[in-house]
Amino acid sequence: AMSSEFFSVMINQFVVMVHPDHTSSIILSGIAADSATPDGGVFDLRVNGEPVFFRVRRDRRAESMRLSKVAPEITYPGFILRADVKTDDIRSISLSYNGKGEKSFSGDVLEKAINRTGLDYLVDTYFYQKSTDLLIIQGWMIATDHSDPLSITVLDADGKEVEDAKVKYSPRFDVARSFFAGMERVCGFHIYIEHPQTRKKPFSMHVTNGIQEWTVPLREPLSAFMRLRNINGRKIQRGIEYLRINGLRPFLSKIKFHISHKGSPFNDEYNQWFLAHRATKEQLDAQRKVKFDYSPKISLIVAAYNTPIDLLEKMIDSVREQTYDNWELCIADGSTNDSVQNWLESHPDPKIKWTRLSGNLGISGNMNAAADLATGECISLYDHDDFLEPDCLYEVVKMFNEGDYDFIYTDEDKFEDSTGRYVGPNFKPDFSPALLRSTNYICHFLTIKKDIYDKAGGSLRSEYDGAQDYDLVLRLMDTCPPERIGHIARILYHWRMHAGSTALDSESKLWAYEAGERAIADWASRNNLEVKVLDTDVYGQYHLKYPTPGDPLISVIIPNKDHINDLNICVDVLCRRSKYKNFEVIVVENNSTDPKTFEGYKELEALYDNVRVIEWQHPFNYSAINNFGVKHAKGDYLLFLNNDTEAMDEYLLDEMLGQAMLPGVGAVGAKLYYEDGTIQHNGVIIGHSGVAGHAMIGQSEGADNYRIRTLYDVSAATAACLMVPRTVFDEVGGFNEDLAVAYNDIDFCLRIRKAGYWIVQNPFAMMYHYESQTRGYEDSAEKKARFESEVRRMYSLWPDELRSEDPFYNKNLDLTSITYQLRKDNEVNPYINPDFLGEDYYTAGTIRPKRPEGK
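Residues numbered from 1 in each chain as written. Predicted model: local features only at pLDDT ≥ 70, side-chain atom pairs only at ≥ 80, totals over all residues. Heavy atoms only, no water.

**Q** A description of the confidence of the model for the protein should follow, citing residues and the corresponding values.
**A** Mean pLDDT over the protein stands at 87; residues scoring 70 or higher make up 89%. Scored below 50 in pLDDT, residues 65-70 makes 11 contacts in the model with residues more than four places away or belonging to other chains. Here residues 773-777 scores under 50 on pLDDT; set against residues more than four positions off or in separate chains, the count is 14 contacts. (pLDDT = per-residue confidence, 0-100. Contact = heavy atoms within 4.5 Å.)

Right, here's the structure in full:
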């Protein structure tokens, strides 16, 4: 009979990085399987014949690989292994798994894997975009000395600088993950060269980190190219080329392609969802009969510029079809031809005002000319090739009647001309200043009371053309109290996607995003904030690095029971890597039993003079332990941190403190990852999964959701990594010790929100979180009973908040499963219902569900 035993080890990445201090980092990754230990075996790594300490992380990217013919039932566990050794004299490396399958490297093979230059890099995307006459080159670099940021200058074939080449930087998480939290600097780069055909090729790039310099080629791909059709229907050749100074390629990096919306299952689903959820004919007829107490005239201002007549007609018709009829349409025509003027002259309408400009004044100048025609009490910004839902103005005026609002914005989506589908919905949160400082999420449809518009400057500013509406909304944010900014969670505005539109191709208007950078820099300047606007790899999304004036002391509080290796990694990485140095670490020891734990405490305190260990000799209570830690803290800012976390780069403390020091901010959360690189936490959504659920849990870093890469306000964030000003902690009374395990951080954050503070979720503060490694899961009858008791306790504390929509999510999005997906009409909250809560469901709080008849 054939044996069922199976064993295999494959290595697909092997690199040795030699550092300037003559230490070395060894990176090995691949897949390993042994039927004797299907849940994972033991590695043995030896350098120069001697065993060395290493760390290994499971890499789930590789786990879809199977040998279908040899062992179809076995999934290959992926692994990434790193060892840091105190020598650069490496003569041999060997790796075995469960004492078998040894892989040995020495001689020429090993020498090829050793990179002594201080730089490794890869160009993984290189393509020419004909529509914009733009060459786009993307890739990543790793430098072994990370003391200063990497910078790139693009050179032509003669070694002369290509002065107008644009270089943008971004994290490359797919690369950084393979290097754990090592001391290397990993940098993603995006190079844009306009009119490349007029340049002398081949191009190269000059790289420096302030200490070392390199000049390396940027060659066109020679192989492994692919052809695919992008969203404009044109074919593009894109390729991958491994460029290395020395050593084997680190690994096949993720390749980014523009993928057509046409094949998107989500957009197919959304199109059907939207058609089923837009206002019905009966609802529209009923709206036309409504008389509001406050019925302002709304002036829609439009800048027309060579607008195709079919789009002009659709734009105008969608206004004429509005169920609210107190409106005027103001059009300023700056076209270079007479088609718009001829159509307007042949279709007179007393509710349409228009003027023909003597020339094109630019988008701001043209919009200002349209606004000069306005006589309404409200101003609405409207693009010449977009269109409205027929109930758009009705919903806006209805909200004006429901509250004292200064301006109101709606949700929006895009309309594909080529397919006739509604796609790409933007389900927005209620007003979020942190998000607005990251991107113009408000955009359309925006209606502003005229007196507020005048107070904010009364015009659009031409120096920000392309981002003139972003500049306006930033000025409105300075003018209007947050409670007077309204949001309608309905899709009422449609961007039209057609050839050349920004909605279809973001690279068609690079200048517009540069104008956005200037607008946000101007906002910071007039608010006396010396921020740095850092590059991101996504157009229209801005990363602001805030100052930390006075560099106040941060107290990092870490509860711990045994698991000294996890704690060592947490503390060691924070102490060694952090750029921000004024912090103390308070480890709160709670009933450890392993003698090695106490030995480890002594080593940490001896190694780092800012580390202290204090003892909490009572049963585990997360709230009480942290409150106890705060009593021993000296800092003005408190960072609550789990022992099973690991900072991903040197900027964790800077990023969190910069936000925590802003006026009105009560807490700052971090973006946390599982060890496989998927997201574990990016804020908390109140009401999700019963009481509260983590946003974007299980999703990948490369997902389309812009909140993965932008700061935004949240109702709560996990205390696995949460920074709070000491004054705010004292004001709200710390953690609730009645909540020993679950939801104590949610309750804490809700009290911070109730006190009037913002909670900011910062995706640039990044950590791994090896969740529940220390305390385990709620997997016993006793633990489940305690968990359900804490659910009931939370409901008794926050009955109205748990019944209300999370203001920073959106009522159209899922509350029971994957976040940021469409909510199903029949969703049922597993805990906030009469079966679980009984009579309290109908009697607690002020927002009480109606009791069904007969109950």
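**Q** Kindly report on the pattern of salt bridges, identifying the contributing residues and their values.
**A** All told, the structure shown has 48 salt bridges when counted by the stated rule. Here R356 makes a salt bridge to D338, at a shortest N to O gap of 2.9 Å. Of this pair, R356 sits in strand β21 (residues 352-356) while D338 sits in the loop between β20 (327-333) and α6 (339-346); the two residues are 18 residues apart in sequence, bridging distant segments of the chain. By relative accessible area, which is 44% here, D338 ends up partly exposed. R576 serves as the salt-bridge partner of D572, at 2.9 Å between the closest nitrogen and oxygen. Taken as a pair, D572 and R576 lie in helix α13 (residues 564-577) at a separation of four residues, close to a single helical turn. Taking relative accessible area as the criterion, D572 reaches 22% and is therefore assigned partly exposed. Within the structure, one salt-bridge network assembled from shared partners comprises R461, D471, R475, D478, D522 and R526. (Salt bridge = Lys/Arg side-chain N within 4 Å of Asp/Glu carboxyl O. Helix = DSSP H or I, 4+ residues; strand = E, 2+ residues; numbered from the N terminus. Buried < 20%, exposed > 50% of the residue type's maximum accessible area, 1.4 Å probe, protein only.)

**Q** Any chance you could break down the sheet that holds strand β4 (residues 50-51) for me, citing the residues and the numbers?
**A** Read across the open sheet, the four strands follow the order β4-β3-β7-β8; overall the sheet is antiparallel. Only two strands of the sheet have a single partner each, and these edge strands are β4 and β8 (100-106). Across five bridges, strand β7 (residues 92-97) lies against β8 in antiparallel orientation. Each residue of the ladder has a partner; that of I93, found in β8, is F105. (Pairing = 2+ DSSP bridges.)

**Q** Explain the nonpolar core residue by residue, including any values.
**A** One finds L300, L329, Y382, I554 and V585 to be the most contacted residues of the largest nonpolar core, which totals 206 residues. Among the elements that take part in this core, strand β41 (residues 758-769) stands out by supplying eight residues, more than any other. Apart from the residues lying within four places of it in its own chain, the contact partners of Y382 are L300, I301, V302, M315, S318, V319, L329, M367, F387, L388 and Y493. Counting residues in hydrophobic clusters, the runner-up holds 25 residues, among them V162, Y169, I193 and V216. (Core = buried A, V, L, I, M, F, W, Y, C linked by side-chain atoms within 4.5 Å.)

**Q** Hey, could you go over the side chain of S592 for me, with residue numbers and the actual values?
**A** With respect to the element layout, S592 can be found in the loop between β31 (583-589) and α14 (595-607). Overall, the relative accessible area of 11% leaves S592 in the buried class. A polar side-chain atom of S592 sits 2.7 Å from the main-chain amide nitrogen of D562. Among the polar contacts listed, one links the side chain of S592 to the side chain of E589, at a separation of 2.6 Å. When neighbours within four sequence positions are excluded, S592 is seen to be in contact with N560, K561, D562, T597, F598 and Y601. (Polar contact = N/O pair within 3.5 Å; in protein donor to acceptor, adjacent residues only side chain to side chain.)

**Q** Residue-level account of α13, with values.
**A** The first and last C-alpha atoms of α13 sit 19 Å apart over 14 residues, in line with the 20 Å expected at 1.5 Å per residue. Those residues of α13 lying buried are I564, D566, L567, C570, V571, V573, L574, C575 and R577. (Expected span 1.5 Å × (residues − 1).)

**Q** Explain the pairing of strand β3 (residues 43-47) to me, and be specific about the residues and the numbers.
**A** Residues of β3 alternate between two faces, with F43, L45 and V47 buried on one and D44 and R46 left unburied on the opposite face. Relative to β7, β3 runs antiparallel, the two being bridged by five bridges. In the sheet register, F43 faces β7, and the bridge partner there is Y97. When β3 meets β4, the two strands line up antiparallel, connected through two bridges. Among the inter-strand pairings, R46 is bridged to a residue of β4, identified as P51. A loop of two residues connects β3 with β4, the two strands running antiparallel in sequence, and N48 in this loop sits at a positive phi of about 55 degrees.

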